[in-house]
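Each chain, letter by letter, is given below.
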Amino acid sequence: RTKGVFHDHPHITKLLVVLSVSGGGVAAFSDTRPFQTGYADAAHDIKKKKVVVLGTGWAGTSFLKSLKDPGYEVHVVSPRNYFAFTPLLPSVTNGTVEARSIVEPIRSIVRKKKFDVHFKEAECHKIDTQNKKVYCQSTQDNNLGGSEEFTVDYDYLVIAMGARANTFNTPGVVEHAHFLKEVEDAQRIRRTVIDCFERASLPTISEEEKKRILHFVVVGGGPTGVEFAAELHDFVNEDLAKLYPSLKQHVQITLLEAGDHILNMFDKRITEFAEEKFSRDGIHVKTGSMVVKVTDKEISTKERSSGQTVAIPFGMVVWSTGIGTRPVIMDFMKQIGQTNRRVLATDEWLRVEGCDSIYALGDCATINQRRVMEDIAAIFSKADKNDSNTLKVDDFKEVINDISERYPQVQIHLKKKQLKNFFQLLKHSDDDDELNIEKFKSALSEVDSQMKNLPATAQVASQQGAYLADCFNRMDICEKYPEGPIRFRGTGRHRFHPFRYKHLGQFAPLGGEQTAAQLPGDWVSIGHSTQWLWYSVYASKLVSWRTRMLVISDWGRRFIFGRDSSRI
Ligand code: FAD
């Protein structure tokens, strides 16, 4: 299990072939450069390769921040001219943090780059792989007098368009529920909460109507839904209850979850703690409750326990049930033959399968696990030292190490709970000490369905952006000296590793200055001290010193003066 295993991998060779085919004039270009730095002289007269980046979210921005080689001409297309720090969006819904404190203009992020970055505030609505161009339309909601159509051609295309909220085609959701995906969504929620309190204060409103208006329903017990419910509870209890004392008794927060538990992707201890805390706080957690319809005043759920449909009156609904594919990505998937998939499939080098010079990262893409599984099967076969089509149980651990080094996303999954089941799946019988490789192959589909894709998180998106930029930074030098720098020749140091995700842990803020954290190694930490860890991690992860200072001062302002409840 040396690095050579990766370097000799056929996909890497393929990558290098693709790069040398698509990189046209690179060889001549590279000749003029000092080998040591790998960066082009700004004065060179060779045509720069045009990289088009779609999206300014976590993946796109991380790619832009890490791209250093001035040998590229970079064009960015995104309907948002800023990067938004999404983990703090729930804090924007109640004014703990102001919206402008968590955004940074993309132009200022790339201002100090050694190469030109051309930004266009527009949406890409079509990707033409044949002619290597993207069709764009400027955004209509900027009040600048209608939209403009234009095309941008590319040598390399980086798709980082993220995802949209998933409604599961539930009737009425788009019309009547709030999403919590963009900064504008968070601002809208903040205004609606205040609206509900002001409306419920009107003298003409009956007691029953007050109860309805002040019933806040959150759909989805994942990290975002849970954090929002907790933030709303804090806002109501710490601030609004003082300003609207007569309404406090009418306020109800309900969290609907179709599964058996909230935060089910977290350790059981965190789930239990969160459910108990919410129960103490008076947040009504309703599990086994599937939303079937939303109207302007009622949300209908099908209860798993009774099989009945129940109508719940509400004042505001926030829909947070995961992510779905953007229409432009769906069209693109059809075009390239990736039908029947939820997101774009890439290989471990983040290249879109079946395309030339197109990369996809972040929430809009996933590494094709099926092929990963086939590679794993091949590793198993190789490990079959005695050609008996079986594998000694003792060797199993070593093989797993091999796999997990190469595919960290598999490691995370196997390490947790699947390892045991996985192991059982491969054994002939309970007292057998050998694993059948053929059986493993036929069990692929079962394991495949257990193997989750990489999570759709900022962590994955930003690591992918940085990884891809690193590949782009070294692309020329790899072509010119594929055997590696002189001092390393023979080891293939220049070749690209597949993308490896490093999981740094996950937080679940639960309100009342308490947070749960699941850190690497399944280490769990819950409580007030974890909240301080949360403050420090998020402050350090903010994209600039300006946003860092703004967010820290917002936190300070909230501690001293409370949250602002003006409806502006
Ligand atoms: P995004 O960040 O969504 O960026 C997509 C970009 O594409 C945007 O700039 C968008 O404007 C642009 N775009 C959209 N359509 C087009 C188009 N047609 N053409 C061109 N550009 C387009 N993850 C964590 O790891 N930790 C957390 O604590 C966490 N908290 C979260 C809280 C909330 C409320 C939300 C909504 C998400 C949270 N996430 C968290 C998840 C994280 O935000 C996403 O996984 C991450 O944003 C994905 O990055 P991305 O670059 O793929 O997509």
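Residues numbered from 1 in each chain as written. Predicted model: local features only at pLDDT ≥ 70, side-chain atom pairs only at ≥ 80, totals over all residues.

1. Looking at the overall build of the protein
Helix and strand counts for the protein stand at 21 helices and 26 strands. Burial status across the protein gives 38% buried among its 568 residues. Restricting the contact set of the protein to residue pairs at least 6 apart, pairs at least 24 apart contribute 65%. (Helix = DSSP H or I, 4+ residues; strand = E, 2+ residues; numbered from the N terminus. Buried ≥ 20, exposed ≤ 12 C-beta atoms within 10 Å, placed from the backbone. Contact = placed C-beta atoms within 7 Å.)

2. Brief notes about the sheet that holds strand S24 (residues 506-511)
With antiparallel pairing, three strands are arranged side by side in an open sheet as S24-S25-S26. Strands at the two margins of the open sheet, each flanked by one partner only, are S24 and strand S26 (523-527). Adjacent strand axes in the sheet meet at a mean angle of 10° when their direction is disregarded. Relative to S26, strand S25 (residues 514-519) is paired through five bridges, and the arrangement is antiparallel. Counted as the bridge partner of Ala 516 is Ile 526 from S26. (Pairing = 2+ DSSP bridges. Axes fitted to C-alpha atoms, helices over the stretch in contact; angles between N-to-C directions.)

3. Notes on the nonpolar core
Buried together is how nonpolar side chains tend to be arranged in soluble globular proteins. In terms of nonpolar packing, the biggest core is built from 123 residues, with Val 158 and Ile 159 touching the most fellow members. In terms of residue count, the dominant contributor to this core is helix H10 (residues 223-243) (eight residues). When residues are assigned to domains, this core turns out to be shared by domain 1 (39-163 + 325-366 + 457-473) and domain 2 (173-323 + 505-561), each giving three or more. Ignoring any residue separated from it by four or fewer positions in sequence, one finds Val 158 in contact with Val 51, Val 52, Val 53, Leu 54, Phe 63, Tyr 359 and Leu 468. (Core = buried A, V, L, I, M, F, W, Y, C linked by C-beta atoms within 7 Å. Domains from an automatic or database assignment.)

4. Quick notes on the pairing of strand S5 (residues 117-128)
Bridge count between strand S2 (residues 72-78) and S5: five bridges; the pairing is parallel. Across the sheet, the residue bridging to Ser 78 is Glu 121, located in S5. Across six bridges, S5 lies against strand S6 (residues 133-138) in antiparallel orientation. From the neighbouring strand, Glu 123 faces S6, where its bridge partner is Gln 137. Taking the residues between adjacent antiparallel strands as the criterion, S5 and S6 are bridged by four residues, where Lys 132 takes a positive phi near 50°.

5. A few points about the site of the ligand
In the vicinity of the ligand there are 33 residues, among which Gly 55, Gly 57, Gly 162, Gly 362 and Thr 457 approach most closely. Where the shell around the ligand is concerned, the elements lending two or more residues are helix H4 (58-66), S2, helix H5 (89-92), S5 and helix H18 (458-473). Of the residues belonging to the shell around the ligand, the class tally is 17 nonpolar, eleven polar and five charged. Summarising the domain contributions, the shell around the ligand has at least three residues from each of domain 1 (39-163 + 325-366 + 457-473) and domain 2 (173-323 + 505-561). (Near = placed C-beta within 6 Å. Nonpolar A, V, L, I, M, F, W, Y, C, P; charged D, E, K, R; others polar.)

6. Quick word on H4
Buried residues dominate H4, accounting for seven of its nine residues. Among the residues making up H4, those that are buried are Trp 58, Ala 59, Gly 60, Thr 61, Ser 62, Phe 63 and Leu 64.

7. Overview of the packing of H4 against H18
Contact geometry for H4 and H18: axes closest at 7 Å, N-to-C directions at 35°. Every pair of crossing elements has a handedness; the one defined by H4 and H18 is right-handed. The segment H4 lies against H18, with Trp 58, Ala 59, Gly 60, Thr 61, Ser 62, Phe 63 and Ser 66 engaging Ala 458, Ala 461, Ser 462, Gln 464, Gly 465, Ala 466, Leu 468, Ala 469 and Asp 470. Along the lines of polarity and charge, the residues of the contact of H4 with H18 split into eight nonpolar, seven polar and one charged. (Left-handed = near helix turned anticlockwise from the far one by under 90°.)

8. Side note on the sheet that holds strand S16 (residues 309-313)
One open sheet holds the three strands; their spatial order is S14-S15-S16, and the pairing between them is antiparallel. Edge strands, defined here as strands with exactly one partner in the open sheet, are strand S14 (289-294) and S16. Sheet twist, expressed as the mean angle between neighbouring strand axes with direction ignored, is 35°. As defined by bridge partners, S14 adjoins strand S15 (residues 298-303) across five bridges and the pair is classed as antiparallel. Paired with Met 290 across the strands is Lys 302, a residue of S15.

9. Here we look at the domain arrangement of the protein
Taken as a whole, the protein is organised into domain 1 (39-163 + 325-366 + 457-473), domain 2 (173-323 + 505-561) and domain 3 (369-450). Taking the mean C-alpha position of each, domain 1 and domain 2 sit 30 Å from one another. Every element with two or more residues in the side of domain 1 that touches domain 2 is listed here: strand S3 (82-84), H5 and strand S4 (103-105). Among the residues making up the side of domain 1 that touches domain 2, the classes are represented as 14 nonpolar, six polar and three charged.

10. Some words on unusual backbone geometry
One non-glycine residue, Leu 350, lies in the positive phi region at around 65°. Structurally, Leu 350 is set in the loop between strand S19 (344-346) and strand S20 (358-360). Notably, Ser 357 is not glycine yet its phi reads approximately 60°, a positive angle.

11. Comments concerning the pairing of strand S1 (residues 49-54)
Among the six residues in S1, five count as buried, and that is most of the element. With six bridges connecting them, S1 and S2 associate as parallel partners. Bridging across to S2, Val 53 finds its partner in Val 76.

12. A closer look at the environment of Lys 297
Looking at the element boundaries, Lys 297 is found in the loop between S14 and S15. The class for Lys 297 is partly exposed, based on 14 C-beta atoms found within 10 Å. A C-alpha to C-alpha distance of 35 Å links Lys 297 and Phe 559, two positions 262 residues apart in sequence. Beyond its immediate stretch of four places on either side in the chain, Lys 297 contacts Arg 212 and Pro 313.

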